[in-house]
Amino acid sequence: MPKSYITHLECSLTGKRDYAAGAVHNLSEAGRPLLSRYNLESLKSDVSKEEVWARPGGFWKWRELLPVQEDRNVLSLGEVETPLTRLDKAAAIFGHKGELIVKDEGHLPTASFKARGLSVAVSMAKELGLTRLAMPTNGNAGAALAAYAGRADLETFIFCPDDTPHINVEEAALLGAKIWRVNGYIDDCGHIVADGIEKMGWFNLSTLKEPYRLEGKKTMAFEFAAQFGWELPDVVFFPTGGGTALIAMWKAFDEMEALGWIGSKRPKMVAVQAAGCAPLAKAFEEGERFATRWENAYTRAAGIRVPQAVGDFLVLDALRASGGKGIAIEEDEIFDAQAAVGSSEGYMVCPEAAACFVALQRGVNDGWVAPTDKVLIINSGNGLKYDMPDSAGTLDVSQPIDFDGLL
Ligand SMILES: *Cc1c(COP(=O)(O)O)cnc(C)c1O
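Residues numbered from 1 in each chain as written. Predicted model: local features only at pLDDT ≥ 70, side-chain atom pairs only at ≥ 80, totals over all residues. Heavy atoms only, no water.

(A) Looking closely at the site of the ligand. Close to the ligand lie 17 residues, the nearest being K114, K217, G241, G243 and S380. Interatomic distance of 2.8 Å between a side-chain N/O atom of K217 and an oxygen atom of the ligand. At 3.3 Å, a backbone N or O of T244 approaches an oxygen atom of the ligand. Protein contacts shield 96% of the accessible area of the ligand, which totals 390 Å² for the unbound molecule. Taken together, the elements giving at least two residues each to the shell around the ligand come down to β10 (235-239) and α9 (244-258). (Near = heavy atom within 4 Å. Polar contact = N/O pair within 3.5 Å; in protein donor to acceptor, adjacent residues only side chain to side chain. Areas by Shrake-Rupley, 256 points an atom, 1.4 Å probe, with all protein chains shown as cover. Helix = DSSP H or I, 4+ residues; strand = E, 2+ residues; numbered from the N terminus.)

Have a look at this one:
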């Protein structure tokens, strides 16, 4: 396989550049995320987008734009290109006259887009010789970490809020991780990880507190750009928790433009949060560049229950530069939307992504989504990982069946 074109990393806040590739990193000296940089000039003349896109398989095809150097460190569990599906009936329900397309990240290993980030981050951990990893999670990231670390025989400690969807907790344990339920939020779990570094000798894989999960998540944007014929959609809705995916997509757009793979057009980026935990949407509305911690966070859309994000300013900068916005959706609207999409289209979205359909409706009503806009919603994970309403009836086989009663 081709080699990585990574050159160095730099601080996302100060731009300080002297962070070496191929070294163990967490945050920059300024306490902010590090961004990986590549020799895009050379890559541009060495390989075409068509050549890369024609490679078989999933996100590891973007190898030149990922940090892993050696083939033997690449951890793969059969990743695929995730499908785009047009949802015309859902578009009508939520009032959008143009195209509505959903990208289903539930097709990845461990059934969420977290596989992209953790596959790359754990491969890098292996390359860097780390053997013990720790991470806070709301569920999907923990499962993905357990899977890829299990494959690499790395020891894994995972901490999650005690109301994390139980399937994810059981999944991570079955895949070999040591996992604990904590009576707090994801940032409380993050403090346990940080506090244990010295005593436990583990590496902190918290999102954006190590640089390579971002790089993996970035492949989602390469992939949909190619799927759309290298013409980006007009609006992208993403259910936003820590914001890594949104930051990663924005970074991927810049890299693709520098490579001449796409032009300067950018989608409006819309960060969708739950009304019970909306620190980024609130900071957006208030014109702030940094968000304050959201107290008493609540939403059953676990993946977006993140009270405080270390990459807040990167999300908010991208939303503003794109002409998009941050938006908060009420809890009951989220679950009504999930049911509406499911029953009208036969399409299962996770609660986090369901919030995006309501956000689309807002955009249509308020005029920031135009009738001609091509809209992309990312279904960030498989809805089957969450408890679902059970409205099945029951029948007694010892009694005659009342068929009229089934109608
Ligand atoms: C993690 C997660 C999100 C949020 O992603 P960020 O990159 O943290 O913003 C959204 N949806 C699901 C299903 C998730 O697991």
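Now that the structure has been shown, we can carry on.
(B) Structural detail: the sheet that holds strand β4 (residues 84-86). If you trace the six strands from one edge of the open sheet to the other, you get β4-β5-β13-β10-β11-β12, paired in mixed fashion. The sheet is open, and its two edges are formed by β4 and β12 (325-329), each paired on a single side. Between one strand and the next, the sheet's axes are offset by a mean angle of 25 degrees, whatever the strand orientation. Direction of pairing for β4 relative to strand β5 (residues 100-104): antiparallel, over a ladder of three bridges. The residue bridging T85 from the neighbouring strand is V102, located in β5. Packing of helix α8 (residues 212-227) onto the sheet brings it into contact with β4, β5, β10 and β13 (375-379), and relative to β5 it is tilted by some 135 degrees. Most of the contacts of α9 go to strand β11 (residues 268-274), to which it runs at about 170 degrees, and overall it touches β10 and β11. (Pairing = 2+ DSSP bridges. Axes fitted to C-alpha atoms, helices over the stretch in contact; angles between N-to-C directions. Contact = heavy atoms within 4.5 Å.)

(C) View of the packing of aromatic side chains. A complete count under the given rule lists 17 aromatic pairs for this structure. Seen from their ring centres, F157 and W180 are 6.1 Å apart, and the 5 degrees between their planes marks the pair as stacked. Pair noted here: F157 is in strand β7 (residues 155-161) and W180 is in strand β8 (residues 178-182), with a separation of 23 residues, a long-range link. Overall, F157 belongs to the buried group, its relative accessible area being 6%. Aromatic pair F159 and W180: ring centres 5.6 Å apart, planes at 15 degrees, arrangement stacked. Pair noted here: F159 is in strand β7 and W180 is in strand β8, with a separation of 21 residues, a long-range link. Taken together, the aromatic side chains of W53, W62, F222, W230 and W261 make up a single cluster linked through ring pairs. (Phe/Tyr/Trp six-rings, centres within 6.5 Å; stacked < 30°, edge-to-face > 60°. Buried < 20%, exposed > 50% of the residue type's maximum accessible area, 1.4 Å probe, protein only.)

(D) Up close: the pattern of salt bridges. The full count for this structure, using the stated rule, is 29 salt bridges. Across the salt bridge formed by R116 and E223, the nearest N and O atoms sit 3.2 Å from each other. Here R116, found in helix α4 (residues 114-127), pairs with E223, found in helix α8; they are 107 residues apart in sequence, far enough to count as distant. Each member of the pair, R116 together with E223, is buried. For E155, the salt bridge identified is with K178, shortest N-O distance 3.0 Å. (Salt bridge = Lys/Arg side-chain N within 4 Å of Asp/Glu carboxyl O.)

(E) Examining the side chain of N168 more closely. Along the chain, the position of N168 falls in helix α6 (residues 166-174). Within the local environment of N168, its side chain forms a polar contact with the side chain of N140, the two groups lying 3.4 Å apart.

(F) Representation of the pairing of β8 in the model. Bridge count for β7 against β8 is five bridges, and the pairing is parallel. Within the sheet, the bridge partner assigned to F159 lies in β8 and is W180. In this fold, β7 hands off to α6, which returns the chain to β8; that crossover is right-handed. (Right-handed = clockwise from strand over helix to strand, strands pointing away.)

(G) Spotlight on α4. Across its 14 residues, α4 extends 20 Å between first and last C-alpha, which sits within 8% of the 20 Å expected from 1.5 Å per residue. Counting buried positions along α4 gives 12 out of 14 residues, so the element sits mostly inside the fold. When α4 is considered as a whole, its buried residues turn out to be K114, A115, R116, G117, L118, S119, V120, A121, V122, S123, M124 and A125. Buried residues belonging to α4 abut β5, β6 (132-136), α5 (140-151) and α8. Directly after α4, the chain includes G129, whose backbone phi takes a positive value near 80 degrees. (Expected span 1.5 Å × (residues − 1).)

(H) Region of the structure containing the nonpolar core. If you look at the biggest cluster of nonpolar residues, it comprises 85 residues, and the most contacted ones within it are V122, L133, L145, F224, M249 and F253. It is α9 that contributes the most residues to this core, nine residues altogether. Not counting the four nearest positions on each side in its chain, L145 is found in contact with L118, V122, L133, M135, G150, T156, I158 and L205. (Core = buried A, V, L, I, M, F, W, Y, C linked by side-chain atoms within 4.5 Å.)

(I) Spotlight on the state of the cysteines. What the rule picks out here adds up to zero disulfides. No disulfide involves C160; its nearest neighbouring cysteine sulfur is the one of C189, lying 6.4 Å away. Overall, C189 belongs to the buried group, its relative accessible area being 0%. (Disulfide = S-S within 2.5 Å.)

(J) Structural view of the sheet that holds β7. The parallel open sheet is built from four strands, whose spatial order is β8-β7-β6-β9. Only two strands of the sheet have a single neighbouring strand rather than two, namely β8 and β9 (203-204). Pairing between β6 and β9: two bridges, direction parallel. Across the sheet, residue L133 finds its bridge partner in β9, namely F203.

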